[in-house]
Amino acid sequence: MSDAFRCGYVALIGKPNTGKSTLMNALVGEKLSITAHRPQTTRHQILGIKTTEDYQCIFVDTPGIHDEKRKAIHRYMNRAATSMFDDADLICVMLDITRFNQDDEKILRRVSDYDNVLIVVNKVDRLSREDCLPRMQKISEHAPGFECVPVSALTGDNLERLERLIVERLPIGVAQFPDDQLTDKSMRFISAEIVREKLFRTLKQELPYSITVSIDHYVEEADITRISATIWVERKSQKAIVIGKSGKQLKKIGSLARTDIEHLLGGKVYLQLWVKIRADWADDEQSLAAFGYSDGSQDI
Ligand SMILES: Nc1nc2c(ncn2[C@@H]2O[C@H](COP(=O)(O)OP(=O)(O)OP(=O)(O)O)[C@@H](O)[C@H]2O)c(=O)[nH]1
Ligand SMILES: [Mg+2]
């Protein structure tokens, strides 16, 4: 590799729940994108920027590619998931080694015409080495011509090698962002996402998919940051579940979110949460735009 500075956009794409956000956080070394054991956690494109003396790697975390088209939000998420295909300098297709199936094969077929592709086979910590080998072999057969890298985003296994392989594939060029910038998102945005993560991790069944979070006030004072956020649900019955008996559930979510936001900001946070109803916000273009799900394009 030459000594010239390299810089480029690296799209992390793949089926929901394969570990894209976990990988981006691990590579950047900061929790920028929320993660959960459920699919369809990430809803927006989120940049994670890693700058060293030799390169600037601009990772683009994306929502998982899925077939769900029922509501406007699903269509927004799929656009956010696939719009990087043509713009990225490198496409990293994330696969879960324990759950490789036709959905992954479909994504691999979609990228087969591109030459700037790396296949990242995640969650190898969940299998023995002997079990990994035949699965890696099978995946390679579905991705002819592309390098397949086994990793564990959770334990960090093989991430140094993955980073080297990514950087080798970046174009030579000047940095696009200041060297201390980690993301394109504001703390306001990340705070709302952290509240959403706690809802995703705490609430059962389908409820998290009916929820979005907006920030009403975000004020940085000398020794404390005051944040007021609204959790939007689609129905009255959902509001009662989010609040819980005597407000217990909401208190728990608030406390978990505050701890994370304090960690990220490195200071004290006062977090106030409200729960409000906006019927069918997830299928209403106007509500979606008001909640930040807007990329300027129309649904097709
Ligand atoms: N065992 C194991 N679990 C992992 C690994 N990477 C991610 N996970 C877990 O897999 C789940 C999904 O991880 P995410 O990073 O949210 O996955 P994602 O691809 O961003 O998911 P979406 O945003 O829904 O598309 C979480 O419970 C993670 O902790 C890994 O290397 N090993
Ligand atoms: Mg994600």
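Use the structure listed above.
Notes on the structure follow.

1. Details of the packing of helix α6 (residues 187–202) against helix α8 (residues 248–265)
Between two packed helices, the angle of one axis relative to the other and the distance separating the axes together describe the packing.
And step 1. Interaxial distance between α6 and α8 falls to 9 Å at its minimum, and their mutual angle equals 140 degrees. With respect to α8, the axis of α6 lies oblique. Crossing geometry of α6 relative to α8 is assigned as right-handed. On α8, the residues that touch Met187, Ile190, Ser191, Ile194, Val195, Glu197, Lys198, Leu199 and Thr202 of α6 are Gln249, Lys252, Ile253, Leu256, Ala257, Asp260, Ile261, Leu264 and Leu265.
And step 2. Residues belonging to the contact of α6 with α8 are distributed by class as follows: eleven nonpolar, three polar and four charged.

2. Details of the sheet that holds strand β6 (residues 147–150)
Backbone-to-backbone hydrogen bonds join strands into a sheet, with any given pair of strands oriented parallel or antiparallel.
And step 1. Strands sit in the order β2-β3-β1-β4-β5-β6 across an open sheet of six strands; the sheet is mixed. What marks the edges here is a single partner per strand, and that holds for β2 (46–51) and β6. Neighbour to neighbour, the strand axes of the sheet diverge by 25 degrees on average, direction disregarded.
And step 2. Judged from the six bridges that link them, β2 and strand β3 (residues 55–61) form a sheet pairing that is antiparallel. Bridge assignment links Leu47 to a residue of β3, and that residue is Val60.
And step 3. Docked against the sheet, helix α4 (residues 129–142) engages β4 (90–96), β5 (117–122) and β6, running at close to 150 degrees with respect to β6.

3. Overview of the site of ligand 1
And step 1. Around ligand 1 there are 23 residues in total, and Lys20, Thr22, Gln40, Thr41 and Asp125 lie nearest to it.
And step 2. In the environment of ligand 1, an oxygen atom lies 2.9 Å from a nitrogen or oxygen atom belonging to the side chain of Ser21.
And step 3. In this structure, ligand 1 is accommodated by the second largest pocket.
And step 4. Each residue belonging to the shell around ligand 1 can be placed in one class, and the counts come to five nonpolar, 13 polar and five charged.

4. Some details on the layout of surface pockets
And step 1. By volume, the largest pocket amounts to about 600 Å³.
And step 2. Every residue lining the largest pocket is counted, 25 residues in all, and those nearest its centre are Ile65, His66, Asp67, Glu68 and Asn78.
And step 3. Taken together, the elements giving at least two residues each to the lining of the largest pocket come down to α2 (72–82) and α3 (102–111).
And step 4. The element that contributes the greatest number of residues to the lining of the largest pocket is α2, accounting for five residues.

5. Focus: α2
And step 1. A large share of α2 lies buried, amounting to nine of its eleven residues.
And step 2. The set of residues buried in α2 consists of Ala72, Ile73, His74, Tyr76, Met77, Asn78, Arg79, Ala80 and Ala81.

What counts and how
- Residues numbered from 1 in each chain as written.
- Chains lettered and ligands numbered in written order.
- Predicted model: local features only at pLDDT ≥ 70, side-chain atom pairs only at ≥ 80, totals over all residues.
- Heavy atoms only, no water.
- Axes fitted to C-alpha atoms, helices over the stretch in contact; angles between N-to-C directions.
- Helix = DSSP H or I, 4+ residues; strand = E, 2+ residues; numbered from the N terminus.
- Parallel < 35°, antiparallel > 145°, perpendicular 65-115°, else oblique.
- Left-handed = near helix turned anticlockwise from the far one by under 90°.
- Contact = heavy atoms within 4.5 Å.
- Nonpolar A, V, L, I, M, F, W, Y, C, P; charged D, E, K, R; others polar.
- Pairing = 2+ DSSP bridges.
- Near = heavy atom within 4 Å.
- Polar contact = N/O pair within 3.5 Å; in protein donor to acceptor, adjacent residues only side chain to side chain.
- 1 Å grid on protein atoms, 1.4 Å probe; cavity = no way out; pocket = protein on both sides within 12 Å on 5 of 7 lines; lining within 4 Å.
- Sits in = over half its atoms within 2 Å of the grid points.
- Points joined across faces, edges and corners; volume = space filled by probe spheres on them.
- Buried < 20%, exposed > 50% of the residue type's maximum accessible area, 1.4 Å probe, protein only.

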